[in-house]
Amino acid sequence: MNETVLQNLESGLLTITMNRPDRRNALNVDMTLGLVAAARRAAEDHEVRAVLLKGAGGTFCVGGDVKSMAEGRAPQSFENRMVNLRRGMEVSRILHEMSKPVVAQLDGAAAGAGLSIALACDFRVASTSVKITTAFAKVGLSGDYGGTYFLTQMLGSAKARELYLLSPVLTAQEALALGMVTRVVADTEVEAATRELAMSLAQGPSITLGYIKRNINNAERLSLENCFDAEAFHHSRAGETGDHKEAAKAFVEKRKPVFQNH
């Protein structure tokens, strides 16, 4: 059992916890493999309707284990290093592309690959005191886990260049002003606020939310005409689901809809 990544499924919400609090949840081989496995489980398990990604001990993730890198432990060939890195990076792709909404709880620090993984999620709830930085340039690395892709898509090329080449440390409010985080809450409230948001998504119209996420992902790479075709297809399919029927009925009856697991 991989103790560096914990999983807990409750009421359709899968909570994935990075569990190396003594190293501020720095990524090592066990953790990256555990994250990929947890993300795949989230994408494939029909009982999972939404995902909450967090770090143990009051820190999200400071990125790669720089201390181990500096000590030169277990040197690898270029080919092995690249293959292993690319394998671990799949966690960002799976979180970004899965048909379930993903919420990240950002507290303590979100840096380097940790920030990249957070950017792959759909929502980021930040604590007031969290520190956010790309960090790579400061440790002589160019970036991984999709951070350059996500920041460029999210903020545009000019801002992505600034955040990567200069590597400033952003406050939660600065990140919010840029659009990098969804909301900022007090340190003492971030866990409850993130869980509340994630659970509301887990109890929502899961099929419809999946279609919405696919439409937005399509917009990152498809032509306008192809996006229209996909929207028409997903909209029509959503209209055939029990989610739509329940939502429409609840709207007419002026009550909160109750969605069933699918």
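Remember, predicted model here, so these are calculated numbers, not experimental data.

## A word on the overall build of the protein
Stage number 1. Each helix and strand counted, the protein has 11 helices and 8 strands in total.
Stage number 2. By the compact-globule yardstick of 18 Å for 262 residues, the protein fits well, its C-alpha radius of gyration being 19 Å.
Stage number 3. Counting only C-alpha atoms, the protein reaches 65 × 40 × 35 Å along its principal axes.
Stage number 4. Taking all 262 residues of the protein together, the buried fraction comes to 45%.
Stage number 5. The long-range share in the protein, meaning contacts at least 24 apart out of those at least 6 apart in sequence, stands at 70%.
Stage number 6. A total accessible area of about 13500 Å² is found for the protein, and carbon and sulfur atoms account for 56% of it.

## Quick notes on the nonpolar core
Most often, soluble globular proteins keep nonpolar side chains buried together rather than apart.
Stage number 1. Grouped together as the largest cluster of nonpolar side chains are 48 residues, with contacts concentrated most on Leu-35, Leu-53, Phe-60, Leu-95, Leu-106, Ile-132 and Met-180.
Stage number 2. Within the second largest apolar cluster, 13 residues are counted, among which are Ala-50, Val-185, Val-190 and Leu-197.

## Quick notes on the packing of aromatic side chains
Geometry of an aromatic ring pair is reported as the spacing of the ring centres plus the angle between the planes.
Stage number 1. As enumerated under the stated definition, the model contains 2 aromatic pairs in all.
Stage number 2. Aromatic pair Phe-136 and Tyr-164: ring centres 5.9 Å apart, planes at 5 degrees, arrangement stacked. You can see Phe-136 sitting in the loop between strand 7 (131-133) and helix 5 (147-155) and its partner Tyr-164 sitting in helix 6 (residues 157-165), a full 28 residues away along the chain.
Stage number 3. Of the residues examined, Tyr-164 reaches a relative accessible area of 10% and is grouped as buried.
Stage number 4. With 5.4 Å between their ring centres and 80 degrees between their planes, Tyr-149 and Phe-150 make a pair best called edge-to-face.

## Comments concerning the pairing of strand 6 (residues 123-127)
Stage number 1. Among the 5 residues of strand 6, 4 are classified as buried, and the element is accordingly described as predominantly covered.
Stage number 2. Where strand 4 (residues 102-106) and strand 6 come together, 4 bridges link them in parallel fashion. From the neighbouring strand, Ala-104 faces strand 6, where its bridge partner is Arg-124.
Stage number 3. For strand 6 and strand 8 (residues 183-185), the ladder comprises 3 bridges, and the chain directions are parallel. Considered in strand 8, the bridge of Val-125 is made with Arg-183.

Calculation rules
- Each chain has its residues counted from 1, running along the sequence as written.
- Only residues with pLDDT of at least 70 get local features here, since the model is predicted, and only at 80 or more are side-chain atom pairs given and counted; chain-wide, interface and lining totals rely on the full set of residues.
- Remark: hydrogens and water are excluded; side-chain values derive from all non-hydrogen atoms of the structure.
- Helical segments are the DSSP runs of H or I of at least four residues, strand segments are the runs of E of at least two, and each set is numbered from the N terminus.
- As defined in this context, the radius of gyration uses C-alpha atoms, and a globule is described by 2.2 Å times the residue total to the power 0.38.
- Burial classes follow relative accessibility: with a 1.4 Å probe on protein chains only, a residue under 20% of its type's maximum area counts as buried, one over 50% as exposed, and anything between as partly exposed.
- Any pair of residues with heavy atoms lying within 4.5 Å of one another is described as a contacting pair.
- Note on areas: Shrake-Rupley, 1.4 Å probe, and residue coverage restricted to the protein chains presented here.
- Definition used in this section: a nonpolar core is a set of buried Ala, Val, Leu, Ile, Met, Phe, Trp, Tyr and Cys residues joined via side-chain atoms within 4.5 Å.
- Aromatic pairs are defined between Phe, Tyr and Trp rings, using the six-membered ring for Trp, whenever the two ring centres lie within 6.5 Å; interplanar angles under 30 degrees are classed as stacked, those over 60 as edge-to-face, and all others as tilted.
- For two strands to pair, DSSP has to find at least two bridges joining them.

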